[in-house]
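Residue-level listing of the chains:
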Amino acid sequence: MEQYVIRGGHPLVGEVEIGGAKNAALAILAAAIMTDETILIENLPDVRDTNVLLEAIAGIGAQVNRIDRSTVKINGSTIGNVSVDYEYIKKIRASYYLLGALLGKYKHAEVPLPGGCNIGSRPIDQHLKGFRALGAKVDIIHGAIVAQAENLHGSHIFLDMVSVGATINIMMAASLAPGRTIIENAAREPHVVDVANFLNSMGANIKGAGTDVIRIKGVEKLHRTEYSIIPDQIEAGTFMFAAAATGGDVTVKNVIPKHLEATTAKLEEIGCEVEEFDDAVRVRAAGRLRRTHVKTLPYPGYPTDMQPQIAVTLALAEGTSIVTESIFENRFKYADELSRMGANIKVEGNSAIIDGVKKLTGARVSAPDLRAGAALVIAGLAAEGITIVDDIVYIQRGYENFEEKLRSLGAEIEKVSSEKEIQKFRLKVVNN
């Protein structure tokens, strides 16, 4: 089991390059099998989730050719099986995008109920509602979602709640459903727009992505394309808060600043200086940060995937802050770990009340999920002494070369896999 061992207390300084958006990549990889022609995808993040999904796609018979770490060619003409293996699916939640892709192309899909981080209930009822509206019969049999249709057709679908996954899944299936489909109360996240743009580049007819009403005119078939995935706004935001928490000065490159507006607004509110460029953002933190309140909301509101990172930063800010989570009910599991480092954080219902402290101290903590794990690394970078973060497999699900990028900013962080290596790191720190 790998761990991060960190010596904190140094400001992060320098430039860091952001990779492709994991959440966009997962849906785009699934959509790539919807044509029998070859698809080239660039700016693919080389993270555990995307690699598992590529294995699942190869597992149903598609040709997957990894050209380099960030480029892949996929050809779905050789798919011979619409039943996805549970071994892949239990590892990542986004495997459910294969439902919309396979249903759209083959009118039949069998995908086990998804896994992923345990951050709370994420029902798929809106996905199934959408598939049924398009004319599919959907059942859950032996732990798998089985969707099939003689013919799909366009439909008017109103989502009971804003759901990124349901919006994308319905959008994929509807792309090849004859007639017109309207999705109301659709998710507006940047990766929803990216998936729509990708499908359109394959010949789909999708309009309105990025608004709450998406209109789709079904086409007969999709064709080859070459496509580059948007930058990852959550990876970018994570480094922006790492700069803030450590009192650093970091330029985050290869980003779309508009996608970061909610994060940028909060950083400025707590006293950081944020400078925007065409495709970069610079974050400088000088002096003690200020308190604030934040509530997670669907895009363009403050993202739930950035909630643990701001909480860690507010743990070092002056005054009392309140962080309210309105998307997932189980997203404060990092609070106890943060308390071990000296934070004054109390969870009441769906809110965390944080009384800022002047410093955190290093401790051994465990990453409960992907984003909380990254936040605990930020806490370790800001803390006095040595922090050990266990269960970093969660972090590797969504961050490419995380420790290498942090080291390029001056962080003292190493990935280790034994107590002996931890002791070696401690010894090196003492000798320095």
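Counting from 1, residues in each chain are numbered in the order their sequence is written. Selection of residues for local features in this predicted model requires a pLDDT of at least 70, selection of side-chain atom pairs for listing and counting requires 80 or more, and totals for whole chains, interfaces and linings are taken over all residues. The side-chain numbers reported here are obtained from all heavy atoms of the structure, hydrogens and water having been left aside.

## Considering the overall build of the protein
Right, so step 1: The secondary structure listing takes helices from DSSP runs of H or I that are at least 4 residues long and strands from runs of E that are at least 2 residues long, numbered from the N terminus. In terms of regular secondary structure, the protein is built from 15 helices and 23 strands.
Right, so step 2: Two things to know: the radius of gyration comes from C-alpha atoms, and the globule rule equals 2.2 Å times the number of residues to the power 0.38. For 432 residues, the compact-globule estimate of 2.2 N^0.38 gives 22 Å, and the protein sits close to it at 22 Å.
Right, so step 3: Projecting the C-alpha coordinates of the protein onto the three principal axes gives extents of approximately 65 × 45 × 40 Å.
Right, so step 4: Considering only contacts in the protein between residues 6 or more positions apart, those separated by 24 or more positions represent 72%. Every residue pair with non-hydrogen atoms within 4.5 Å of one another is taken to be in contact.

## Re the sheet that holds strand S15 (residues 273-276)
Right, so step 1: Spatial strand order, S2-S14-S16-S15: four strands in an open sheet with mixed pairing. Edge strands, defined here as strands with exactly one partner in the open sheet, are strand S2 (13-17) and S15. Sheet twist, expressed as the average angle between the axes of neighbouring strands with direction ignored, equals 15 degrees.
Right, so step 2: As judged from the four bridges shared by S15 and strand S16 (residues 280-284), these two strands associate in the antiparallel manner. Counted as the bridge partner of Glu276 is Val281 from S16.
Right, so step 3: Lines are fitted to the C-alpha atoms to define the axes, a helix being fitted only along its stretch in contact, and any angle between axes, read from their N-to-C directions, falls within 0 to 180 degrees. Contacts from helix H8 (residues 233-246) reach S2, strand S14 (249-253) and S16 within the one sheet, and its direction differs from that of S14 by about 170 degrees. One bridge is not enough; two strands pair if DSSP finds at least two bridges between them.

## Some remarks on the side chain of Asp49
Right, so step 1: Within the secondary structure, Asp49 is located in helix H2 (residues 48-59).
Right, so step 2: Owing to a relative accessible area of 2%, Asp49 belongs among the buried residues under this scheme.
Right, so step 3: Throughout this description, a polar contact denotes any pair of N or O atoms lying within 3.5 Å of each other; where both atoms belong to protein, one of them has to be capable of donating a hydrogen while the other can accept it, and for residues adjacent in sequence the pair is counted only when both atoms sit in side chains. Side chain to side chain, Asp49 and Arg397 meet in a polar contact 2.6 Å long. Exposed residues in this analysis have more than 50% of their type's maximum accessible area, buried residues have under 20%, and partly exposed residues fall in between, with area computed by a 1.4 Å probe over protein chains only.

## What about the sheet that holds strand S1 (residues 3-7)?
Right, so step 1: Spatially, S21-S22-S1-S23 is the arrangement adopted by the four strands of the open sheet, whose pairing is mixed. Looking at which strands have only one partner, the edges of the open sheet turn out to be strand S21 (364-366) and strand S23 (412-416). Between one strand axis and the next, the sheet turns through 20 degrees on average, direction left out of account.
Right, so step 2: Pairing of S1 with strand S22 (residues 386-390), which is carried by four bridges, proceeds in the antiparallel orientation. By the bridge assignment for S22, Val5 is matched with Ile388.

## Describing the packing of aromatic side chains
Right, so step 1: Geometry of aromatic contacts follows a simple scheme: Phe, Tyr and Trp rings, the Trp one being its six-membered ring, pair when their centres are within 6.5 Å, and the pair is stacked under 30 degrees between planes, edge-to-face over 60, tilted otherwise. For the coordinates displayed, the defined rule picks out six aromatic pairs.
Right, so step 2: Ring geometry for Tyr4 versus Phe402: centroids 6.5 Å apart, planes at 55 degrees, classification tilted. Placement of Tyr4 in strand S1 and of Phe402 in helix H14 (residues 402-408) is noted, with a sequence separation of 398 residues between them.
Right, so step 3: Judged by its relative accessible area of 1%, Tyr4 falls in the buried class.
Right, so step 4: Aromatic pair Phe332 and Tyr334: ring centres 6.2 Å apart, planes at 55 degrees, arrangement tilted. You'll find Phe332 and Tyr334 in the same group, each marked buried.

## What to know about the pairing of strand S20 (residues 351-355)
Right, so step 1: In this sheet, S20 lies alongside strand S18 (residues 320-324) in antiparallel orientation, the contact comprising five bridges. Along S20, the bridge assignment pairs Thr320 with Asp355.
Right, so step 2: Inspection of the sheet shows strand S19 (residues 344-348) paired to S20 by five bridges, in the antiparallel sense. By the bridge assignment for S20, Val347 is matched with Ala352.
Right, so step 3: In sequence, S19 turns back onto S20 through a hairpin of two residues, with Gly349 there showing a positive phi of about 65 degrees.

## What about the pattern of salt bridges?
Right, so step 1: Whenever Lys or Arg places a side-chain nitrogen within 4 Å of a carboxyl oxygen from Asp or Glu, that contact is recorded as a salt bridge. Scanning all chains against the criterion turns up 25 salt bridges.
Right, so step 2: A salt bridge links Arg397 to Asp49; the nearest nitrogen and oxygen atoms lie 2.6 Å apart. One end of the pair, Arg397, is in the loop between helix H13 (393-396) and H14; the other, Asp49, is in helix H2, and 348 residues separate them in sequence.
Right, so step 3: Overall, the relative accessible area of 6% leaves Arg397 in the buried class.
Right, so step 4: One salt bridge connects Arg364 with Asp390, and the closest N-O pair in it is separated by 3.1 Å. One end of the pair, Arg364, is in strand S21; the other, Asp390, is in strand S22, and 26 residues separate them in sequence.
Right, so step 5: The class of Asp390 is buried, set by a relative accessible area of 17%.
Right, so step 6: Here the salt bridges share partners, and the residues they tie into one network are Asp46, Arg66, Arg69 and Glu400.

## Brief notes about unusual backbone geometry
Right, so step 1: Cis geometry is found at the peptide bond from Tyr299 to Pro300, where omega equals 15 degrees.
Right, so step 2: If you trace the backbone, Pro300 turns up in the loop between strand S17 (293-295) and helix H10 (307-314).
Right, so step 3: Backbone geometry at Asn185 places phi at a positive 60 degrees, although glycine is not the residue there.
Right, so step 4: Relative to the elements of secondary structure, Asn185 occurs in the loop between strand S10 (180-184) and helix H7 (190-201).
Right, so step 5: Unlike most non-glycine residues, Asn254 shows phi in positive territory, near 60 degrees.
Right, so step 6: With respect to the element layout, Asn254 can be found in the loop between S14 and helix H9 (261-269).

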